[in-house]
Amino acid sequence: MNQRSDAADLLCLSHLRWDFVFQRPNHLMSRCAKDRRVFFFEEPLFHHGAAELEVTQTEHRVQRVVPKLPHGTPDVSLQLKKMIDTLLTTQNIRRYDLWYYTPMALPFTRHLEPQLVVYDVMDELKNFKFAPPELLTFERELYQLADVVFTGGESLYQAKKHLHRDVHAFPSSVDVPHFVRARTQKTDPEDQANIPHARLGFFGVIDERMDLELVEALATLQPDWQLVMVGPVVKIDPAHLPRRPNIHWLGGKKYDQLPDYISGWDVAIMPFALNDSTKFISPTKTPEFLAAGRPVVSTSITDVVKPYGELDLVRIADDAEGFRAAVKAALADDRRQHIRRSDAFLAAMSWDMTWHRMSTAMQEARERRLASVKSQAA
């Protein structure tokens, strides 16, 4: 599909790096880039060299923008403001929308004059470890600036709907064809091939949202089960990860590799901690595990219990004994029936559908903004 020459560019301000984990921003911006230019502006990277703005095109046609600043830069916001102005000039960005994932981008972008402002509340960032104290203040300002607000799940929607006049819930979607490959893939990745069965697998970021005590207790209760943990470890000391012979920390993998790993699992698990950082999460991996044809066991995360738990698509348990019982039941599942019911549910929640609905909401917000401008000028 060709990008439309008459479409406004989109400048996405993200707290996540494009190549960290392929998740919500990657899915949405990749689809947006099919019909207009998308610039994915990351948080600054500090190094020992001079200040520079690195712009590279990803395989999904998104322009990845990495501001690099010298260690000890005195006024980071001022430097980023100069860099974003330089980006507009050098890339001939004249008509553009702003899409925020982080309110922390406001200090260096509030001077811009976009045609539309979108705030996609992917997570409740203030509840995360090391969240900056000024984040809440900037977020209040962002709600005032935004024309339309999206949330990453239903629980976030309920928490945010009173903060803005135009809020829409867009829970995690799924690229079904990508993960369906796991149903027929037969070759195990090298670092998983020698791990015995039964295998309980997880992929995703391993941080303060992971219940490490539950992981260790489950591995202790059932030493013949192998826990395969795939994903980067961040914000926690790797030395604090439980080390048992049947727990395998395989590190981060590329998005394209994930179906290869999950194809070798007997059950997919989501042993999330129940704390402030998980109060509003809507794990993308829930529909991905189901699309891969695997039974799923999770702790009682609100956006997993409803709808997945209530529809008996995911088993729910919060302690080691309960988790073990749920995994045993999942291992005994009628796999074909579970896949049929999962497929019927997932049919209405693709990323393509989500992007189409978001685009519609954006167009409606754009029309309201134009009508307001005309009214004020009259």
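Overview of the structure. Not measured: the values here are computed from a predicted model. (Residues numbered from 1 in each chain as written. Predicted model: local features only at pLDDT ≥ 70, side-chain atom pairs only at ≥ 80, totals over all residues. Heavy atoms only, no water.)

### So, the packing of helix α1 (residues 24-32) against helix α12 (residues 351-377)
How two helices sit against one another is set out by the angle between their axes and by the gap between those axes.
Here's step 1: Interaxial distance between α1 and α12 falls to 10 Å at its minimum, and their mutual angle equals 70 degrees. Comparing the axis directions of α1 and α12 gives the class roughly perpendicular. Of the two possible hands of crossing, α1 and α12 adopt the one that is right-handed. Along its contact with α1, which presents Arg24, His27, Leu28, Arg31 and Cys32, the element α12 presents Trp351, Asp352, Thr354, Trp355 and Met358. (Axes fitted to C-alpha atoms, helices over the stretch in contact; angles between N-to-C directions. Helix = DSSP H or I, 4+ residues; strand = E, 2+ residues; numbered from the N terminus. Parallel < 35°, antiparallel > 145°, perpendicular 65-115°, else oblique. Left-handed = near helix turned anticlockwise from the far one by under 90°. Contact = heavy atoms within 4.5 Å.)

### Overview of α1
Here's step 1: The buried count for α1 comes to nine of nine residues, which makes it a mostly enclosed element.
Here's step 2: Among the residues of α1, Arg24, Pro25, Asn26, His27, Leu28, Met29, Ser30, Arg31 and Cys32 are the ones counted as buried. (Buried < 20%, exposed > 50% of the residue type's maximum accessible area, 1.4 Å probe, protein only.)

### Notes on the sheet that holds strand β14 (residues 296-298)
Here's step 1: Spatial ordering of the open sheet is given by β12-β11-β10-β13-β14-β15, a layout of six strands whose pairing is parallel. Sheet topology places β12 (247-251) and β15 (314-316) at the edges, where each strand pairs with a single neighbour. In this sheet, adjacent strand axes meet at a mean angle of 25 degrees when their direction is disregarded.
Here's step 2: Both strand β13 (residues 267-270) and β14 contribute to a ladder of three bridges, which runs parallel. Looking at β14, one finds that Met270 is bridged to Ser298.
Here's step 3: Lying over the sheet, helix α9 (residues 302-309) contacts β13, β14 and β15, oriented at roughly 125 degrees with respect to β15.
Here's step 4: Helix α10 (residues 320-331) rests against β10 (199-203), β13, β14 and β15 of the sheet, and its axis sits at about 150 degrees to β13. (Pairing = 2+ DSSP bridges.)

### Overview of the side chain of Arg31
Here's step 1: Tracing the backbone shows Arg31 in helix α1.
Here's step 2: Of the residues examined, Arg31 reaches a relative accessible area of 14% and is grouped as buried.
Here's step 3: At 2.7 Å, the side chain of Arg31 and the side chain of Asp352 are in polar contact.
Here's step 4: Those residues in contact with Arg31 that sit more than four places away from it in its chain are Asp175, Trp351, Asp352 and Trp355. (Polar contact = N/O pair within 3.5 Å; in protein donor to acceptor, adjacent residues only side chain to side chain.)

### Regarding the pairing of β12
Here's step 1: Among the five residues that make up β12, four are buried, leaving the element largely enclosed by the rest of the structure.
Here's step 2: Sheet topology note: the strand β11 (residues 226-230)/β12 ladder contains four bridges and is parallel. From the neighbouring strand, Met229 faces β12, where its bridge partner is Trp249.

### Description of the state of the cysteines
Here's step 1: Within the structure shown, the criterion is met by zero disulfides.
Here's step 2: Cys12 takes part in no disulfide bond, and the closest cysteine sulfur to it belongs to Cys32, at a distance of 8.9 Å.
Here's step 3: A relative accessible area of 0% means that Cys12 is categorised as buried. (Disulfide = S-S within 2.5 Å.)

### A short note on the environment of Pro171
Here's step 1: Mapped onto the secondary structure, Pro171 falls in the loop between β9 (167-169) and α5 (176-180).
Here's step 2: Accessibility expressed as a relative area gives 38% for Pro171, which makes it partly exposed.
Here's step 3: Distance in space between the C-alpha atoms of Pro171 and Gly152 is 4.8 Å, their sequence separation being 19 residues.
Here's step 4: Here Pro171 is in contact with Arg24, Thr151, Gly152, Gly153, Glu154 and Ser282, once residues within four sequence places are set aside.

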